[in-house]
Structures are given as C-alpha cells and as structure tokens.
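# Chain and residue survey
Listed here are the chains, written in short residue letters.
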Amino acid sequence: PGMIRKALFWLHLGSGVITGLVVAMMSLTGVLLTYELQLIAWADRAFYATPAPDAKRLPLDTVLAAAEGDGVTGKQLTIYNDPTAPVLVSAGRRQPSVFVNAYTGEVLGEPSPGIRSAMSSLMYWHRWFNATGDARQTARLVTGVSNLAFLFMILTGIYLWLPKVFRWSLLKARLVFRKTYDSVKERDFYWHHVFGIWSAIPLIVVVATASVFSFRWASDLVYIAAGEEPPQRGGGSAIEEVRTVPADSRRSLDVMMETAASHTDEWRTIRLTVPVPNAAEVEFEVDRGNGRQPQLRDTVVVDATTGQVAAVRGLSDRTPGSQARSWIRFLHTGEVFGVVGQTIAGVVSLTSLFMVWTGFALAWRRLITPLFRRRREASKAPA
C-alpha cells in the first residue's frame, strides 16, 4: 500500500503540474459561464414591452415576413409564454436572429449582442482557448487531455485524501477549515484537502461529462454502454420526403400553435421550425423548463389539415443511449437541474481554482524550494 500510495502521489502531482494552468483556465471560464442563461434572459428584457390594452397578436406569418423584410431568413420562430415578450426569429444555428414585436411587427433588432458575444467568447475559451482554423483541433485536444488528467487527479485525490493513520483529529482537519494554521504551507495543505473532498463527487460528474464532448470514443461509449450502435457522423443522411396537402386545406400556423400550446399550461417557450410549404404536419418544440432540460421538453406534431395533435414525442420516447447523451450535455453545466444545478457546477468550478492554486504552491515547496536551498548551501560551503 505504501508503494501504491507513493506512486499515485507522484502521478497526481505530475498531472497537476503539467495541466494545472489549463485546468485553471477551464475552471475560471466555467465560473463565469455559470449563470449564462439568466444573464442572457436579463439582457433580453430590454426588448420586452407591455402591449396596448386592445392590442392583438399578429399572425405568425406576418411576424416572419417582417423579419425577412429586415434581411433575416426566418427558419425558426421562438414564442415566449409572456404577453410582453417579442418573438425571436432565427435564420439557423449561429446565424442572424432578430426580435420582432408580436403586436406591431416592428423589428427590434438583434437580441442582446453584447452579452451573447461575451458568453460565446467565454465558451470558446473554455473549450479550445478561443483558437480558430486548424489550431482549434490542437487546442481542443489539449483541453480534452487536460480534462482527463483532471479526472484522474480527482479520483486519485480521493484515495490520497485518506490519512495514513485513521484518527478523528486527522480526518477532521481534512474535512473542516480551521480558523488558524501554524504556517502557510500547512494552510495550503489542508485547504487543498478540504476543497477537494467536498467538491469531489460533483466534480467527477462535471469533468467526466466534459470528456464526452472532447472525444468521439467517449461519446460512442455512452451508446455502447446502453447496448446501442453509436450514430454515424459525417456520412450524410437520406432526405426524407415531406408529405404535403393542398394549401386551401391547411390550418394557419397560429391555429396549430394554439394546439401545441394546449399540450401543457406550464410551457415557457414554443419553438417552431418553419415547415416546407404546404407540409401535412408541423412540429412544435414545447419547453416547460429553462431550454436546457431535455426531460421537460416535448415535440408536439400537429396535423395541418385538422389542426389537431397527431403525435407527442418526449425524452422517454428516445433510445436509452440518446436519452443519456441528452442528459450528459447539460449535466456538465448543471443546467439540467435548474438554478440549483448551475450553482453547484459553478461552486465546484470555483473550488477547482483554489485546488490549482494550493496544488501549485505545495508543488513549488516540494520540488523547487529544495533546489534553491541546496544551491544556497553549496555557495556557502568552504572551497
């Protein structure tokens, strides 16, 4: 056991020294991204306006036309369950989007570009040092490997946290902060242990789920563990023929939207991907959560001819592997559990910074300080 502990200690220390700065960068940006959803929602409130008492919402086709007249090719509409909220018209992922007043058709402009740009930059730093072009893949590999090294440090750290001699006084010192310490070295040692043990479990979740985004094999492993064949990527897929019906037999988008909204009284947003002309069915994504909780999101398929619900698909209707992959995406940020989950993820990201700082301090005293001491002693030795 002594040799195993010693080997794990040096592997733990070496991993920390090599990857510590990268881990610190990911931890810092993780802290700053903790309440991304709330910050964006707060900034977007500037576009909200109380309608006139007798105002009526414009047809969705009119809202769509207003955005297209402003140069945004509307491919997706997001309707909020708030009478003061505008409609978000998007041209697609990472494409231009605008807010449109739901009552007047006025194009209000791009939604909160400043805060969204800042959050995107932080995310790109978090994932790949904000690198571009060919350098992005290299940077992504560095952060991915550093993340795996951090997972190794957490797991070995749990073992190394255990004192060599089991006494309550020793365990307590590694569980609870003391008011004072005899030296800075002792403070760093115990802070490293206290921060580490209390954040270990949520950090394992945060760090392990990040590996799924960094490495294809980790993502495939999720499906394999569920007994499924991993989905193929980059091979393209056959274009499914969309069934159409005569234009004069179709209900309006607004009637179909009302049908989708009646699916639940608790919806927060309804997202409509603009269908092909005269499509026989239209899909609405009805979200009861914060937009990043797959368990609170359903796809309601509405028959365009009858205006009635044709099908409802939720998370439970997907394969186990697909369900797990959806959960993992927002387990990493804690958003799948709402504000509480976000806060936990943000707090353990902050404790990671303290662990990097105390870890570097301890490593410096163990590895570098003795070199200076020996040099001073050698310089003082008689010739």
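Residues numbered from 1 in each chain as written. Predicted model: local features only at pLDDT ≥ 70, side-chain atom pairs only at ≥ 80, totals over all residues. Heavy atoms only, no water.

## What to know about the environment of lysine 179
By the secondary structure assignment, lysine 179 is in the loop between helix H6 (168-173) and helix H7 (184-214). For lysine 179, a relative accessible area of 87% puts it in the exposed group. With 53 residues separating them in the primary sequence, lysine 179 and glutamine 232 have C-alpha atoms 56 Å apart. (Helix = DSSP H or I, 4+ residues; strand = E, 2+ residues; numbered from the N terminus. Buried < 20%, exposed > 50% of the residue type's maximum accessible area, 1.4 Å probe, protein only.)

## Here's the deal with the packing of aromatic side chains
Tallied over the entire structure, the rule returns 13 aromatic pairs. A centroid spacing of 6.1 Å and a plane angle of 85 degrees characterise the contact between phenylalanine 177 and tryptophan 191, whose relative ring orientation is edge-to-face. With a gap of 14 residues between them, phenylalanine 177 in the loop between H6 and H7 and tryptophan 191 in helix H7 connect regions that are remote in the sequence. The class for tryptophan 191 is partly exposed, based on a relative accessible area of 22%. Taken together, a centroid distance of 6.1 Å and an interplanar angle of 75 degrees make the contact between tryptophan 191 and tryptophan 357 edge-to-face. Taken together, the residues tryptophan 191 in helix H7 and tryptophan 357 in helix H11 (residues 338-380) connect sequence positions 166 residues apart. Members of the aromatic cluster, each reached through a chain of ring pairs, are Phe177, Trp191, Phe195, Phe354 and Trp357. The ring of tyrosine 103 carries the charged tip of arginine 57 above its face, separated from the ring centre by 5.6 Å. (Phe/Tyr/Trp six-rings, centres within 6.5 Å; stacked < 30°, edge-to-face > 60°. Lys NZ or Arg CZ within 6 Å of the ring centre and 35° of its normal.)

## Here's the deal with the pattern of salt bridges
Counted by the stated rule, this structure contains 12 salt bridges. For arginine 187, the salt bridge goes to aspartate 188, with nearest N and O atoms at 3.0 Å. Take arginine 187: its relative accessible area is 23%, and that puts it in the partly exposed class. Accessibility expressed as a relative area gives 2% for aspartate 188, which makes it buried. Residues arginine 365 and aspartate 188 are paired through a salt bridge, measuring 3.0 Å at the closest nitrogen-oxygen approach. With arginine 365 in helix H11 and aspartate 188 in helix H7, this pair connects stretches of sequence that are 177 residues apart. Each of Glu36, Arg292 and Glu335 takes part in one network of salt bridges that share partners. (Salt bridge = Lys/Arg side-chain N within 4 Å of Asp/Glu carboxyl O.)

## Examining the pairing of strand E2 (residues 87-90)
The two faces of E2 match: Val87 and Val89 on one face and Leu88 and Ser90 on the other face are all buried. Looking at chain direction, strand E1 (residues 76-80) and E2 are connected through three bridges and run antiparallel. For leucine 77, the partnering residue across the bridge sits in E2 and is valine 89. In sequence, E1 turns back onto E2 through a hairpin of six residues. For E2 and strand E3 (residues 97-100), the ladder comprises four bridges, and the chain directions are antiparallel. Looking at the pairing, serine 90 lines up with serine 97 of E3. Between E2 and the antiparallel strand that follows it, E3, lie six residues; glycine 92 among them carries a positive phi value of about 135 degrees. (Pairing = 2+ DSSP bridges.)

## Here's the deal with a positive patch on the surface
Residues Lys164, Lys185, Arg366, Arg373, Arg374, Arg376 and Lys380 make up a contiguous surface patch of positive charge. Considering each element in turn, the positive patch owes the most residues, five residues, to H11. Locating arginine 374 in the fold gives a position in helix H11. (Patch = residues over 30% accessible without salt bridge, like charges linked within 9 Å, V, L, I, M, F, W, Y side chains within 5 Å. Areas by Shrake-Rupley, 256 points an atom, 1.4 Å probe, with all protein chains shown as cover. Lys, Arg positive; Asp, Glu negative; His and termini not counted. Charge placed at Lys NZ, Arg CZ, Asp CG, Glu CD.)

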